[in-house]
Amino acid sequence: MSAEDKSVTDQDNNSQAEQMRPEPAEQTSAAESSPTAHSPEPQTGLRAARVTAGGFVWGTGRRKTSVARVRIRLGKGEFKINGRDVADYFHLEQDRLQVQQPLAVTNTANRLDVYVSVNGGGTTGQAGAIVLGLARALKATDPTHEPVLRDNHFLTRDSRKVERKKYGRAGARRSFQFSKR
């Protein structure tokens, strides 16, 4: 290789290295210190970054085989599950109380409208999925709600599912009845 070819190759390598080099520290720190990047003060309304069309904030919750998509927005306290009222949808009192607990502990029950689309599983799994989705949406609206929601275990995903049935067994682990004679 000639000296001219080496100098051209070195210039190409230097230009590639400059393109891959990260930004100087002064520019990144200035961007991080801007007031719009992270605002620690609590906000009374919904956070603008998470609000979608119609003023909704979304949260997704899962429990057993149930999946709940929860939308909340400022309103007068309406709570609809699959287009029906909570009392009509859940027949058990424990499920009705469970889905409204995240609103009760954050004192937002009469200020937010909640619309839920849930499918899969039974009533207990659906109630647990709604609680998780609602807690995630509340956390997105106001980060100051997170400690209260976390202390009450509303932001914890319960990952227990039904174990599958195995061959040679009556169920997941149960054996067939033993007969000595």
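Residues numbered from 1 in each chain as written. Predicted model: local features only at pLDDT ≥ 70, side-chain atom pairs only at ≥ 80, totals over all residues. Heavy atoms only, no water.

With 13 residues, helix 4 (residues 93-105) should cover 18 Å at 1.5 Å per step; its first-to-last C-alpha distance of 18 Å lies within 8% of that length. For helix 4, the principal kink sits at Val99 and spans about 35°; a proline, Pro102, occurs within the next four residues. Considered for burial, the residues of helix 4 that qualify are Asp95, Val99, Pro102 and Leu103. Phi turns positive one or two residues past the end of helix 4, at Asn107, with a value near 55°. (Helix = DSSP H or I, 4+ residues; strand = E, 2+ residues; numbered from the N terminus. Expected span 1.5 Å × (residues − 1). Bend = angle between axes of the 7 residues up to and from the residue. Buried < 20%, exposed > 50% of the residue type's maximum accessible area, 1.4 Å probe, protein only.)

Formed by 27 residues in total, the largest nonpolar core has its most connected members in Ile72, Phe79, Ile81, Val116 and Ile130. Take this core: its biggest share by element is nine residues, from helix 5 (residues 123-141). Sequence-distant contacts of Val116, that is, excluding residues within four places in its chain, are made with Ala68, Arg69, Val70, Phe79, Lys80, Ile81, Asn82 and Ile130. (Core = buried A, V, L, I, M, F, W, Y, C linked by side-chain atoms within 4.5 Å. Contact = heavy atoms within 4.5 Å.)

What follows covers the environment of Gly75. Mapped onto the fold, Gly75 is located in the loop between strand 2 (66-74) and strand 3 (79-81). Apart from the residues lying within four places of it in its own chain, the contact partners of Gly75 are Asn110, Arg111, Leu112 and Asp113.

The next point concerns the pattern of salt bridges. Under the definition given, this model contains six salt bridges. Of the charged contacts, one joins Glu146 and Arg150 as a salt bridge, the two residues approaching to 3.0 Å between their closest N and O atoms. Here Glu146 and its partner Arg150 are both found in helix 6 (residues 146-151), four residues apart, which amounts to about one turn of the helix. With a relative accessible area of 39%, Arg150 lands in the partly exposed category. Among the ionic pairs, Asp158 bridges to Arg160, the shortest N-O distance being 2.8 Å. Three or more residues joined by partner-sharing salt bridges are found here, namely Arg63, Asp158 and Arg160. (Salt bridge = Lys/Arg side-chain N within 4 Å of Asp/Glu carboxyl O.)

This part takes up the pairing of strand 1 (residues 57-63). By the alternation rule, side chains of strand 1 split into Val57, Gly59, Gly61 and Arg63, which are all buried, and Trp58, Thr60 and Arg62, of which none is buried. As defined by bridge partners, strand 1 adjoins strand 2 across seven bridges and the pair is classed as antiparallel. Bridged to Gly59 within strand 2 is Val70. Adjacent in sequence and paired antiparallel, strand 1 and strand 2 are bridged by two residues, among which Lys64 carries a positive phi angle near 55°. (Pairing = 2+ DSSP bridges.)

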